[in-house]
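A look at the structure
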Amino acid sequence: MTTVWAAALLVVLGGVVTSSGAERPGRADKPSQGVKLAFRDTPRTFYLRVFDESDEQLPWGQQPEPYDVYLEASRRSPGREPAKAENIKVTVDLSDAKAVRASLDPWDRRDGCKWSGALVTCTPKDSESGKVKDIASGAYADVARLHMIPREHVANGPAGSLKITVTSSNAPTIHQTTQLVIGAPRLTARAERESSPGPIEPGSELKVRPAFGNEGDVGVEGDLNVVVDVKGQATLRRQYSNCRYDKADAPKKALCTIPGPLPVGAAYETDRPFTATVDKTGNHGRINSTLYPAPNTPTRDLLPDSAPRGTGAPIGLRPTDGSGFTSFDRDLAHAELGFLTTRRYDQQVNGFTIKGKVGDEISMDVMNEDGYFEGDTHLTLPEGLTLIGHRKNESGDDPFCEYDDEKHRTVLCPAPLNVHPSLRFRIDKRVEGAQGTISVEPDPEHPDPDLTNNIAPITMAYVD
């Protein structure tokens, strides 16, 4: 068994924030027919950085920081008819936020926000057309923005709250309270290796023990969420009872809630490792470890309360030496552990499912979907899709998959360099049973030990 220690840290502080683990919708006053709204990645804990003369300042110095309200709409019951939340109004009550100064810039006002005493009210508008912005079922949108800055001579720490109320003419009213904090954590992570120390045997195990610290102005109060996910040909063991897993058998992702806090100056590592098992025919993969203050966990990393749990005792934290850790800003910090196996020349792809509704424009990274990182990838699109390649107004630095033969719906995604090419398409019509393929060619310089896994299906799952 190969043992590898690795850690990664991905923190969004003062940015996207949802719930402390499972999705937690806002409180609803009364039900209504058709559509419902929910907060999506709208900060529940908002950190306001404080700069002094000894700090490395932003190029523009101390400036008000934007606070955005995002909403998503969904149906209250299944159906295929178009549905949308209409006549949305957002009210932000700042009467308990006396330690900060809030403001609206010209863009905030243009998008439908205005002051009234201690309230900011926003009737979201499309910034280009000026029309009132509705949110279709299955979509989400930025519906309000204001800016905040700490008042002078205010101590670091809790600084009151924002109370947000959202109404709609055809959806229940929802509420959210966001805690304000003067100062921000600056989290650190240990990443002892960027990859395993050499090719490993398929079927072997890798162990990762995330470690992290805090060199910021304020501690992280409350629970912490550690997210471990695996890309490529490996799966996680379902080990710990305080972890949710994306599936019961051979999970690829774990969301573990661990009691905090994470004080300033502290450094911890998990008291036991996470174990990933490489597939018996696997050729490579990547293990990511991510830490969030639990209320700041973004929607993409949440798992529901109903998700399968681990079977063993809870995983926890233990103190460790934080020297040599990498320091990250509050917005994002990330590291990965990559590995190759002795079957590295067994070129292979995994099939995947496209989920969406007619009219959706979808962009995806097929290099992440199939776990393949070298050479060209070939696709045949399912019937009913239209490829959207590079647009004239887009940067030439952003690669896209392009038609190889439009008549036969074949597509070429070029070998990735620094940036993976995007597969972008539109769902034009619903075609029951539509299916495509994804494939890779063998390495011409090295024998491929198994040609049967060089092609896999692409299936469709239509969303009503």
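Preceding this section is the structure that the text describes.
Presented here is an overview of the structure given in this document. (Residues numbered from 1 in each chain as written. Predicted model: local features only at pLDDT ≥ 70, side-chain atom pairs only at ≥ 80, totals over all residues. Heavy atoms only, no water.)

The next subject is the overall build of the protein chain. Counting its regular elements, the protein chain contains 2 helices and 35 strands. Relative to its full complement of 464 residues, the protein chain shows a buried share of 48%. For the protein chain, the share of sequence-separated contacts (at least 6 apart) that also reach a separation of at least 24 residues comes to 81%. (Helix = DSSP H or I, 4+ residues; strand = E, 2+ residues; numbered from the N terminus. Buried < 20%, exposed > 50% of the residue type's maximum accessible area, 1.4 Å probe, protein only. Contact = heavy atoms within 4.5 Å.)

Before going further, it helps to spend a moment on the pairing of strand β15 (residues 205–208). Consecutive side chains along a regular strand alternate between the two faces of the sheet. Of the two faces of β15, the one lined by Glu205 and Lys207 and the one lined by Leu206 and Val208 are each fully buried. Where β15 and strand β22 (residues 274–278) come together, 4 bridges link them in antiparallel fashion. By the bridge assignment for β22, glutamate 205 is matched with threonine 277. (Pairing = 2+ DSSP bridges.)

Before going further, it helps to examine the sheet that holds strand β27 (residues 352–356). Spatially, 6 strands are ordered β27-β35-β34-β29-β32-β31 in an open sheet, and the strand pairing comes out mixed. In the strand order of this sheet, the two ends are held by β27 and β31 (402–405), each with one partner. Direction aside, the axes of adjacent strands within the sheet are offset by 30 degrees on average. Across 5 bridges, strand β34 (residues 435–439) lies against strand β35 (residues 455–462) in antiparallel orientation. Looking across to β35, one finds that glutamine 435 is bridged to threonine 459. (Axes fitted to C-alpha atoms, helices over the stretch in contact; angles between N-to-C directions.)

Time to look at the sheet that holds strand β4 (residues 65–75). On the basis of which strands lie adjacent, the open sheet formed by 4 strands has the order β2-β4-β11-β7 and antiparallel pairing. Strands at the two margins of the open sheet, each flanked by one partner only, are β2 (35–39) and β7 (100–103). With strand direction ignored, the average angle separating the axes of adjacent strands in the sheet is 35 degrees. Sheet topology places β7 next to strand β11 (residues 140–150); 4 bridges connect them, and they run antiparallel. Across the sheet, residue valine 100 finds its bridge partner in β11, namely proline 150.

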